[in-house]
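Overview (structure and organization)
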Amino acid sequence: MKHIKKVAWLLSVVMFLSLLAACNTEGEEGSSGETQEVSIGYSGPLSGPAAYYGEATFTGLELAVEEINEAGGFDVDGQNYTIDLVSLDDQYLPNEAASNAQRLVEENDVSVVYTPHSGGIMAQQVLNEQEEFMIMAYSSEPAITEQGNSLTVAIPPRYDGYIAPFTEYAMENHGNKIALLPTSSQYGKDWNERLEPYWQEQGGEVVFNSSIDFNKDTDFFTILTNALENDPDVIFIGGPSQPTAKVAQQARELGFEGGFIIMDQAKLDEMKDVTGTYETFEGSVGVNPLQYSDYPGTAEFLEKYQEEFDKVPGSEAGFHYISAYILVEAMKAAGTVDDAHAIREHMQQGIEALPEDKKVYDIPGILDEGNFDVIQSMAVVENGEVVPVDID
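The structure displayed is predicted, hence computed values, not measured ones. (Residues numbered from 1 in each chain as written. Predicted model: local features only at pLDDT ≥ 70, side-chain atom pairs only at ≥ 80, totals over all residues. Heavy atoms only, no water.)

**Here we look at the overall build of the protein chain**
When helices and strands are tallied, the protein chain shows 15 helices and 13 strands. Contacts in the protein chain between residues at least 24 apart in sequence constitute 66% of all its contacts with a sequence separation of at least 6. Split by element, the accessible area of the protein chain, about 17,200 Å² in all, is 46% carbon and sulfur. Distance between charge centroids for the protein chain: 9 Å, based on 19 positive and 68 negative side chains. (Helix = DSSP H or I, 4+ residues; strand = E, 2+ residues; numbered from the N terminus. Contact = heavy atoms within 4.5 Å. Areas by Shrake-Rupley, 256 points an atom, 1.4 Å probe, with all protein chains shown as cover. Lys, Arg positive; Asp, Glu negative; His and termini not counted. Charge placed at Lys NZ, Arg CZ, Asp CG, Glu CD.)

Here it is as C-alpha cells:
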C-alpha cells in the first residue's frame with residue numbers, strides 16, 4: 001500500500017512540473033508557444049497572354065515571402081508568424097479575380113489579397129468591404145482609389161501623373177499628330193480617355209483612335225497600316241510589355257519613324273528583350289525601368305532577384321517585393337494579422353518602419369485615398385539608350 005501511495009505522489013509531482021514548464025514556455029514564446037501561419041492571397045494572370053506580366057508581379061511577392069520566412073518570420077503582439085502565400089490564376093479576367101478572392105477568403109481565411117490588374121481589382125471591390133479583406137492593388141488606374149473603397153491600397157503611382165510630361169516630350173521632339181492604339185482592356189480605355197483630351201488641349205491632333213485586343217490579336221500589321229495612312233508623328237501604345245513591343249516593331253517595319261508614348265504597364269527593358277535593341281523605341285517616352293533606378297535597396301534587390309530567377313526584375317517585381325515588407329510592418333504596428341481595417345489604418349506606420357535595405361523605391365507615405373505616395377520618374381530612349389528623366 002505504501003508503495004502505491006509513493007508512486008501516486010511521484011506522478012502528481014511529475015504532472016505539476018509539466019504544467020509549470022508549459023506555463024513558462026507560453027510566457028516566453030507567446031499565447032500558443034508555436035509559430036503560426038498567416039495566409040496572404042494572390043489572384044493574377046499566371047496563364048494566357050498576360051502570363052509574363054503575372055509572373056513578374058508574383059515573383060517579387062514570392063521572393064519577399066521567402067526571405068521573411070527564412071529569417072524566422074515576424075512577431076505580432078507576442079506571437080510569431082510565417083507567411084503562407086496562396087496563389088490562384090485568374091487569366092487576367094475580372095470575374096475570375098472576384099471568384100478567386102471569395103475562394104481565398106472562404107477556404108484560406110485571408111485578410112489580404114494581391115491583384116495586379118484594374119478589372120480584377122474593381123470586381124473585387126464589389127465585395128471586399130463586406131467580406132472584410134484588404135486589396136493590395138497593383139494598378140495605376142486612378143479610379144481604383146477615387147471611389148473611396150476603405151480597404152484598398154494602390155501600390156504603384158497613378159498613371160495620370162505621366163500624361164503631362166509624356167505629352168510635352170512627344171510634342172517637342174516629334175510633332176502634334178497622334179495615333180491612339182492602346183490595349184483594349186478597361187485600363188487601356190481609361191488611359192486613352194485621359195490622354196486624348198489632354199493632347200488636344202495642348203494643341204495636338206488625334207488622327208487615329210482605336211485599340212488592340214491582345215487576348216485575340218497577334219498580328220498588328222492591318223491596324224498599324226490604317227493608323228499610318230493618317231501620317232502620325234507619335235503613336236500611343238501599351239499593355240503587357242511583350243505584345244506592346246511587337247506593335248512597335250511592326251510599326252517600324254511599316255516605315256514609321258516617329259516616337260512612341262508607352263503607357264506605364266509596358267516597360268522599356270522588357271520590350272527590349274523582345275526586339276533585341278532599344279533602337280526600335282528610339283524617341284519613345286515611358287516609365288523608368290527599375291534597373292536604371294538608384295534607391296537604397298535597389299541594387300541588393302536586383303542582385304537577389306537575378307540570383308533567384310535568372311533575369312532582371314522590372315517594376316512589377318520591385319513594387320510587390322517592397323509592398324510585402326510594408327504589409328508585414330503594418331501588421332506589426334496594428335497588432336493583428338486578421339483585422340483588415342486595423343492593418344489598413346497602420347499602413348503609414350508600416351512604411352515608416354520599412355528597413356533601409358528594403359527600400360527598392362522611394363515611398364514617403366500613403367495618401368488619404370489609399371495610394372502609395374511614390375516618387376515618379378520617367379525615361380526616354382535617345383541614341384539607342386535609356387535615359388532617366390525626373391518628373392517635376
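**Section: the pattern of salt bridges**
Per the counting criterion, the structure on display carries 13 salt bridges. Note that Asp231 is salt-bridged to Lys177, the shortest N-O span being 3.4 Å. With a gap of 54 residues between them, Asp231 in the loop between helix 9 (221-228) and strand 9 (234-238) and Lys177 in strand 7 (residues 177-182) connect regions that are remote in the sequence. Residue class for Lys177 comes out partly exposed when judged on its relative accessible area of 21%. Through salt bridges with shared partners, a single ionic network connects Glu67, Glu300, Lys304 and Lys358. (Salt bridge = Lys/Arg side-chain N within 4 Å of Asp/Glu carboxyl O. Buried < 20%, exposed > 50% of the residue type's maximum accessible area, 1.4 Å probe, protein only.)

**Topic: the nonpolar core**
Counting residues in each nonpolar core, the largest one holds 53 residues, and the members touching the most others are Phe74, Tyr114, Met134, Met136, Met347 and Phe372. Broken down by element, this core gets its largest block of residues, 11 residues, from helix 13 (residues 315-334). Here Tyr114 is in contact with Ile40, Gly41, Tyr42, Ser43, Leu61, Met136, Ile155, His320, Ser323, Ala324 and Leu327, once residues within four sequence places are set aside. Leu181, Leu224, Ala251 and Tyr278 belong to the second-largest nonpolar core, a separate cluster that totals 27 residues. (Core = buried A, V, L, I, M, F, W, Y, C linked by side-chain atoms within 4.5 Å.)

**Examining the confidence of the model for the protein chain**
Summarising the model, the protein chain shows a mean pLDDT of 91, and 92% of its residues fall at 70 or more. In this model, residues 1-31 is a region of pLDDT below 50 whose contacts with residues beyond four sequence positions or in other chains number 4 contacts. (pLDDT = per-residue confidence, 0-100.)

**Here's the deal with the packing of aromatic side chains**
On inspection of all chains with the given rule, the structure shows 16 aromatic pairs. Chaining the aromatic ring pairs together yields one cluster made of Phe301, Tyr305, Phe309, Tyr321 and Tyr325. (Phe/Tyr/Trp six-rings, centres within 6.5 Å; stacked < 30°, edge-to-face > 60°.)

**Here we look at the packing of helix 10 (residues 241-253) against helix 11 (residues 268-275)**
Relative orientation of the contacting elements helix 10 and helix 11 amounts to 60°, with a least axis distance of 8 Å. Helix-helix and strand crossings are classified by hand; for helix 10 and helix 11 the assignment is right-handed. Every residue of helix 11 that contacts helix 10 at Ser241, Gln242, Thr244, Ala245, Lys246 and Gln249 is listed here: Glu270, Met271, Val274 and Thr275. Looking at the contact of helix 10 with helix 11, its residues break down into 3 nonpolar, 5 polar and 2 charged. (Axes fitted to C-alpha atoms, helices over the stretch in contact; angles between N-to-C directions. Left-handed = near helix turned anticlockwise from the far one by under 90°. Nonpolar A, V, L, I, M, F, W, Y, C, P; charged D, E, K, R; others polar.)

**What about the pairing of strand 5 (residues 134-137)?**
Alternating positions in strand 5 separate into two faces, Met134 and Met136 on one and Ile135 and Ala137 on the other, with burial throughout. Alignment of strand 4 (residues 112-115) against strand 5, held across 4 bridges, turns out to be parallel. Bridging across to strand 5, Val113 finds its partner in Ile135. (Pairing = 2+ DSSP bridges.)

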